[in-house]
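# Structural description and commentary
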Amino acid sequence: ARSGGEAAQLRARAAQQQRRRPRRGAAAAAQRRRRHRARAQAERRAAAGRQAGRRDRAARALPAPSGPRPPLPPPPRSKMADLAGRVLAGDGGHGASSGTMPDTSEKFHPLWLGTVVFAAIAVFLCLVGQGLRFGKFFSRGEASLCAFLVTIAATCMWMMWAMTWLSQVNPVLYPFMQGH
């Protein structure tokens, strides 16, 4: 049997400890939601104030448009564009119009031949990978991985070869000395 004063002190101490103790469960979740809502509202108010300030500054800085803008002048043509236009028109960029473009199909036969060779090698290696699958050296997954890697490798090597080959072809637009 404690006196009223002691009981009040014990209750006050228990309430103080409970305030220090973090909340758990539904009460804690409700408190977090309230804090989150208050923080989100403050952020929205601050963003709205910044946006209004931007609009005010923009309205003061820019004059109001008065009618449609005039069209821009066309850009000047370069010498390279003139030469390209003449080549596409059929005179080869040399001034004398022949009426047709020169036949360059024979010039690119090695490119097509190399492409066929790379494709044949890729198909052959894919078939070898499938053969190793049937010979029980590869599982089904390993055989499909082999086909994928062979395809990627052949494509990358072909692209490297083709770019190297194409960089050595005579360019379509080449300088031509006048008077010879």
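Our structure is the block above this text.
Scope of this entry: the structure provided in the associated data block. (Residues numbered from 1 in each chain as written. Predicted model: local features only at pLDDT ≥ 70, side-chain atom pairs only at ≥ 80, totals over all residues. Heavy atoms only, no water.)

### Observations regarding the packing of aromatic side chains
- In total, this model carries one aromatic pair according to the counting rule given.
- Consider the rings of Phe118 and Trp161, whose centres lie 5.9 Å apart with planes at 40°: the pair is tilted. In this pair, Phe118 is assigned in helix α4 (residues 109-134) and Trp161 in helix α5 (residues 140-167), connecting sequence segments 43 residues apart.
- Here Phe118 falls in the partly exposed class, since its relative accessible area comes to 22%. (Phe/Tyr/Trp six-rings, centres within 6.5 Å; stacked < 30°, edge-to-face > 60°. Helix = DSSP H or I, 4+ residues; strand = E, 2+ residues; numbered from the N terminus. Buried < 20%, exposed > 50% of the residue type's maximum accessible area, 1.4 Å probe, protein only.)

### Focus on α5
- Compared with an ideal rise of 1.5 Å per residue, which puts 28 residues at 40 Å, α5 spans 41 Å between its outermost C-alpha atoms and is within 8% of the ideal.
- Within α5, the full set of buried residues consists of Ala143, Cys146, Ala147, Val150, Ala154, Ala162 and Trp165.
- Tucked inside the fold, the buried residues of α5 contact α4. (Expected span 1.5 Å × (residues − 1). Contact = heavy atoms within 4.5 Å.)

### Quick notes on the state of the cysteines
- Scanning the entire structure with this criterion turns up zero disulfides.
- Sulfur of Cys126: no disulfide; nearest cysteine sulfur belongs to Cys146 and is 6.8 Å away.
- Cys126 sits in the buried class, given a relative accessible area of 18%. (Disulfide = S-S within 2.5 Å.)

### Some details on a nonpolar patch on the surface
- A surface patch of nonpolar side chains, about 750 Å² in accessible area, is lined by Leu113, Val117, Ile121, Phe124, Leu125, Val128, Leu132 and Phe137.
- Mapped onto the fold, Phe124 is located in helix α4. (Patch = residues over 30% accessible without salt bridge, like charges linked within 9 Å, V, L, I, M, F, W, Y side chains within 5 Å. Areas by Shrake-Rupley, 256 points an atom, 1.4 Å probe, with all protein chains shown as cover. Salt bridge = Lys/Arg side-chain N within 4 Å of Asp/Glu carboxyl O.)

### Let's talk about a positive patch on the surface
- On the surface, Arg32, Arg33, Arg34, Arg35, Arg37 and Arg39 cluster together into a positively charged patch.
- For Arg33, a relative accessible area of 46% corresponds to the partly exposed category. (Lys, Arg positive; Asp, Glu negative; His and termini not counted. Charge placed at Lys NZ, Arg CZ, Asp CG, Glu CD.)

### Some points on α4
- Taking 1.5 Å of rise per residue, 26 residues should cover 38 Å, and α4 covers 38 Å from first to last C-alpha, within 8% of that figure.
- Within the sequence span of α4, burial applies to Leu111, Gly114, Ala122, Cys126 and Gly129.
- The inward-facing, buried residues of α4 contact α5.
- Of the residues one or two after α4, Lys136 is the one with positive phi, at around 65°.

Nothing here speaks to function; it is all geometry.
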